[in-house]
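Now for the letters of each chain:
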Amino acid sequence: MDKGQLLYEGKAKRLFETDQSDVLIVEYKNDLTAFNGEKKAQEQGKGALNNQISSILFERLNREGISNHWLEQLNQTEQLVQHNEIIPIEVVVRNIAAGSLAKRIGLKEGRELAFPIVEYYYKDDDLGDPLINEDHIKLLNLVNQSDLNQMKEMALKVNDALIELFEACEIKLVDFKLEFGYDRSGQIILSDEVSPDTCRLWDIHTNEKLDKDVFRQGLGSVEHAYKIILNRLKGALSHG
Ligand code: TMP
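Being a predicted model, the structure only gives us computed values, none of them experimental. (Residues numbered from 1 in each chain as written. Predicted model: local features only at pLDDT ≥ 70, side-chain atom pairs only at ≥ 80, totals over all residues. Heavy atoms only, no water.)

Digging into the sheet that holds strand β9 (residues 89–96)
Phase 1 of the analysis: The strand order β11-β10-β9-β12-β15 describes an open sheet built from five strands, whose pairing is antiparallel. Whereas interior strands pair on both sides, the edge strands pair on one side only; in this sheet they are β11 (131–132) and β15 (199–203).
Phase 2 of the analysis: The sheet contact formed by β9 and strand β10 (residues 112–122) spans seven bridges and is antiparallel. Bridge pairing in β10 links V93 to V118.
Phase 3 of the analysis: Packed on one face of the sheet, helix α4 (residues 145–168) meets β9, β10, β12 (171–178) and β15 and runs near 155° to β12. (Pairing = 2+ DSSP bridges. Helix = DSSP H or I, 4+ residues; strand = E, 2+ residues; numbered from the N terminus. Contact = heavy atoms within 4.5 Å. Axes fitted to C-alpha atoms, helices over the stretch in contact; angles between N-to-C directions.)

Below you can see the structure in the form of structure tokens.
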């Protein structure tokens, strides 16, 4: 598979063409950003850890029947994915109050939610990715209602699958962000990444933060935290 032209560079990944029009290479970078790019750093090994973790999670979701863009892990920092047109909505699912939810509606961090909360954010850096509702999505014509329903249903299925997997790793899945896209046949597939950059993951016993909040809040080594996630996932997979 030849690595072709750079198609797009985001904050944490680069996307390259290949010699097959439907297949792209995603390269995971060591860059870390938070607060819409205001806080920046680089952490050696972060790209490789997220590439491996994301590959494990996408493969698992595939086996659970959740269609996604991941095809195979190529090497330490790169994976092959299926081409898709990103829908500009970030879908967040929450099981435990933290981050912007805790702040917005005054819930104590760590409070378990009675049911999973699904939120939508408009993927627009200039606007700072604002929280939006179904009427806003309709008004902006971001996606039709039936596709939005499908995205929500898929996001809740991802939640069920990941809760189970992370429980086996003695990790609480606090919340996470997903992105979806249309493949060439117009089907909605899960896209982007699923990694400690895009999830909140806490140790089940100590509530130690093992995700990008380590960087956002300056709590220590990102590499150390992400390595714990990868090692526990590998352990859980070898036992089940
Ligand atoms: P929030 O509590 O800051 O709204 O974040 C909710 C979840 O979404 C959390 O798991 C982190 C993830 N997230 C991203 O993946 N990208 C982002 O830009 C933001 C703000 C959050």
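Remarks on the site of the ligand
Phase 1 of the analysis: Looking at the ligand, there are 13 residues lining it, with R94, S100, D175, K177 and R200 nearest.
Phase 2 of the analysis: Here an oxygen atom of the ligand and a side-chain polar atom of S100 are 2.6 Å apart.
Phase 3 of the analysis: A distance of 2.6 Å separates an oxygen atom of the ligand from a polar side-chain atom of D175.
Phase 4 of the analysis: Relative to its unbound accessible surface of 450 Å², the ligand loses 77% to contact with the protein. (Near = heavy atom within 4 Å. Polar contact = N/O pair within 3.5 Å; in protein donor to acceptor, adjacent residues only side chain to side chain. Areas by Shrake-Rupley, 256 points an atom, 1.4 Å probe, with all protein chains shown as cover.)

A few points about the nonpolar core
Phase 1 of the analysis: Counting 51 residues, the largest nonpolar core has I89, F166, F180 and L233 as the members making the most contacts within it.
Phase 2 of the analysis: When residues in this core are grouped by element, the largest group, nine residues, is from α4.
Phase 3 of the analysis: When near neighbours in sequence (up to four residues on either side) are disregarded, I89 contacts Y120, Y121, K123, I137, L142, V143, L148, M151, L178 and E179. (Core = buried A, V, L, I, M, F, W, Y, C linked by side-chain atoms within 4.5 Å. Buried < 20%, exposed > 50% of the residue type's maximum accessible area, 1.4 Å probe, protein only.)

Looking at the pairing of β10
Phase 1 of the analysis: Pairing geometry for β10 and β11, over two bridges, is antiparallel. In the sheet register, Y121 faces β11, and the bridge partner there is L131.

Focus on the pairing of strand β7 (residues 78–82)
Phase 1 of the analysis: Among the five residues that make up β7, four are buried, leaving the element largely enclosed by the rest of the structure.
Phase 2 of the analysis: Here strand β3 (residues 23–28) runs beside β7; their pairing, made up of five bridges, is antiparallel. Along β7, the bridge assignment pairs E27 with E78.
Phase 3 of the analysis: Sheet analysis places strand β6 (residues 70–73) next to β7, joined by three bridges and oriented antiparallel. Note on β7: the bridge partner recorded for E72 is L80.
Phase 4 of the analysis: The loop that links β6 with its antiparallel partner β7 comprises four residues.

Overview of the packing of aromatic side chains
Phase 1 of the analysis: One pass over the full model with this rule turns up zero aromatic pairs.
Phase 2 of the analysis: A cation over a ring is seen here: K3 above F16, with NZ or CZ 4.2 Å from the ring centre. (Phe/Tyr/Trp six-rings, centres within 6.5 Å; stacked < 30°, edge-to-face > 60°. Lys NZ or Arg CZ within 6 Å of the ring centre and 35° of its normal.)

Side note on the state of the cysteines
Phase 1 of the analysis: By the definition in use, this model includes zero disulfides.
Phase 2 of the analysis: With no disulfide of its own, C169 lies 12 Å from the sulfur of C199, the closest cysteine sulfur.
Phase 3 of the analysis: Accessibility expressed as a relative area gives 3% for C169, which makes it buried.
Phase 4 of the analysis: What makes C199 buried here is its relative accessible area of 3%. (Disulfide = S-S within 2.5 Å.)

Let's talk about the layout of surface pockets
Phase 1 of the analysis: Its volume calculated, the second largest pocket comes out at about 170 Å³.
Phase 2 of the analysis: Forming the walls of the second largest pocket are N95, I96, E112, I163, E167, I171, K172, L173 and I204.
Phase 3 of the analysis: Elements that contribute at least two residues to the lining of the second largest pocket include exactly β9, α4 and β12.
Phase 4 of the analysis: Top element by residues in the lining of the second largest pocket is β12. It accounts for three residues.
Phase 5 of the analysis: Here the lining of the second largest pocket is built from residues that sort into five nonpolar, one polar and three charged. (1 Å grid on protein atoms, 1.4 Å probe; cavity = no way out; pocket = protein on both sides within 12 Å on 5 of 7 lines; lining within 4 Å. Points joined across faces, edges and corners; volume = space filled by probe spheres on them. Nonpolar A, V, L, I, M, F, W, Y, C, P; charged D, E, K, R; others polar.)

Structural notes on the pattern of salt bridges
Phase 1 of the analysis: This structure, assessed with the given rule, holds 24 salt bridges.
Phase 2 of the analysis: For K11, the salt bridge identified is with D125, shortest N-O distance 3.4 Å. On the criterion of sequence distance, the pair formed by K11 in the loop between β1 (6–9) and β2 (13–17) and D125 in the loop between β10 and β11 is long-range, its members being 114 residues apart.
Phase 3 of the analysis: Take K11: its relative accessible area is 37%, and that puts it in the partly exposed class.
Phase 4 of the analysis: D125 gets classed as partly exposed once you look at its relative accessible area, which sits at 44%.
Phase 5 of the analysis: Taking the shortest distance from any N to any O, the salt bridge between R216 and D213 comes out at 2.8 Å. Highlighted residues: R216 and D213, both in helix α5 (residues 213–216), separated by three residues, approximately one helical turn.
Phase 6 of the analysis: Relative accessible area serves as the criterion here: at 24%, R216 is assigned to the partly exposed category.
Phase 7 of the analysis: Note on D213: relative accessible area 2%, which makes it buried.
Phase 8 of the analysis: It is possible to trace a salt-bridge network through shared partners that takes in K3, E9, R14, E27, K29, D31 and E78. (Salt bridge = Lys/Arg side-chain N within 4 Å of Asp/Glu carboxyl O.)

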